[in-house]
Amino acid sequence: MHMKWENQLAALGTLLQDRMELTFEDVSPRAASILLTLLSRGALPISRTAEIVGISQPTATRLVDGLQNRGLVRREPRAGRVVIVSLTTAGRETAGRFQRARANVARQLAKPLATRERELLAGFVDKILYAAAAGRTAARTTCRYCDHGVCQGDGCPINRRAGEIERLAVVAGSSEE
């Protein structure tokens, strides 16, 4: 049996996703993820970009092809078999616009809340994200739309939990020796 809050939380997630995707103009959500990932992390190999976005390398390659055809990304000169992708000036401008629009969606949805209510909501969301973080790879995928300059290091509940998981793995590994 479902509880009302479960429906509400799922509906909020759907509303947030739908509104965010509208801000991506005519770019698919996964292609927008590539742009936002490159904006926050700089030039990356396509394989690494695929991992962060949570898609296969062939899918990432097809999306990069489309973004390159639109003048938003470029492939850097090859270093062996590794293909590095970076944003063009137009790509940086587009990704920046997407990032600002994403933040605006969140602000607009939270507008009915008083300042204290937004603070409480932020605390609840922090707890949920912390508990849901399963490790570094999942953290990167979950944060693919984030403005990474906002919540760096332990300010990000997902990063904080991923770091704790890594430290526990190191401790467990050293105790087995």
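Our structure's up above, just so we're on the same page.
A quick note: this is a predicted structure, and the numbers were derived from the prediction, not measured.

> Can you walk me through the overall build of the protein in this structure?
Secondary structure assignment for the protein yields eight helices and three strands. Each helix and strand of the protein, ordered N terminal to C terminal, gives the series α-α-β-α-α-β-β-α-α-α-α. By its C-alpha atoms, the protein is 55 × 50 × 35 Å across when sized along the principal axes. Of all 177 residues assigned to the protein, the portion counted as buried reaches 29%. In the protein, the proportion of contacts linking residues at least 24 apart, taken out of those at least 6 apart, comes to 59%. Put simply, the protein shows about 11,000 Å² of open surface, and 57% of that area lies on carbon and sulfur atoms. With 26 positive and 18 negative side-chain charges, the protein shows a separation of 4 Å between the mean positions of the two kinds.

> I tried to follow the layout of surface pockets on my own but got confused; where do I start?
Here the largest pocket is characterised by a volume of approximately 1,800 Å³. Lining the largest pocket are 38 residues, and of these Leu16, Arg102, Ala106, Val125 and Leu129 sit closest to its centre. Residue assignment for the lining of the largest pocket shows that the elements contributing at least two residues are α1 (4–23), α2 (29–41), α5 (89–110), α6 (115–132) and α8 (157–175). Class assignment for the residues of the lining of the largest pocket results in 24 nonpolar, five polar and nine charged.

> Where do I start with the nonpolar core in this structure?
Most often, soluble globular proteins keep nonpolar side chains buried together rather than apart. Within the largest apolar cluster, 28 residues are counted, with the highest numbers of intra-cluster contacts made by Ile34, Leu35, Leu67 and Val73. Residue assignment for this core shows that the elements contributing at least two residues are α2, α3 (46–53), α4 (57–69), β3 (84–87) and α5. Examining the composition of this core, we find that six residues originate from one element, α2, more than from any other. Once residues lying within four places of it in the same chain are set aside, the contact partners of Val73 are Leu35, Leu38, Val64, Leu67, Gln68, Val85, Ser86, Leu87 and Thr88.

> Quick question: what am I supposed to make of the packing of α1 against α5 here?
For any two helices packed against each other, one specifies the inter-axial angle together with the distance between the axes. Where α1 contacts α5, the axes come no closer than 9 Å and their chain directions differ by 145 degrees. Crossing handedness for the pair α1 and α5: right-handed. The residues of α5 that touch α1, namely those facing Leu15, Leu16, Arg19, Met20 and Thr23, are Phe98, Ala101, Arg102, Val105 and Leu109. Its residues assigned to classes, the contact of α1 with α5 comprises seven nonpolar, one polar and two charged.

Rules behind the numbers
- Residues numbered from 1 in each chain as written.
- Predicted model: local features only at pLDDT ≥ 70, side-chain atom pairs only at ≥ 80, totals over all residues.
- Heavy atoms only, no water.
- Helix = DSSP H or I, 4+ residues; strand = E, 2+ residues; numbered from the N terminus.
- Buried < 20%, exposed > 50% of the residue type's maximum accessible area, 1.4 Å probe, protein only.
- Contact = heavy atoms within 4.5 Å.
- Areas by Shrake-Rupley, 256 points an atom, 1.4 Å probe, with all protein chains shown as cover.
- Lys, Arg positive; Asp, Glu negative; His and termini not counted.
- Charge placed at Lys NZ, Arg CZ, Asp CG, Glu CD.
- 1 Å grid on protein atoms, 1.4 Å probe; cavity = no way out; pocket = protein on both sides within 12 Å on 5 of 7 lines; lining within 4 Å.
- Points joined across faces, edges and corners; volume = space filled by probe spheres on them.
- Nonpolar A, V, L, I, M, F, W, Y, C, P; charged D, E, K, R; others polar.
- Core = buried A, V, L, I, M, F, W, Y, C linked by side-chain atoms within 4.5 Å.
- Axes fitted to C-alpha atoms, helices over the stretch in contact; angles between N-to-C directions.
- Left-handed = near helix turned anticlockwise from the far one by under 90°.

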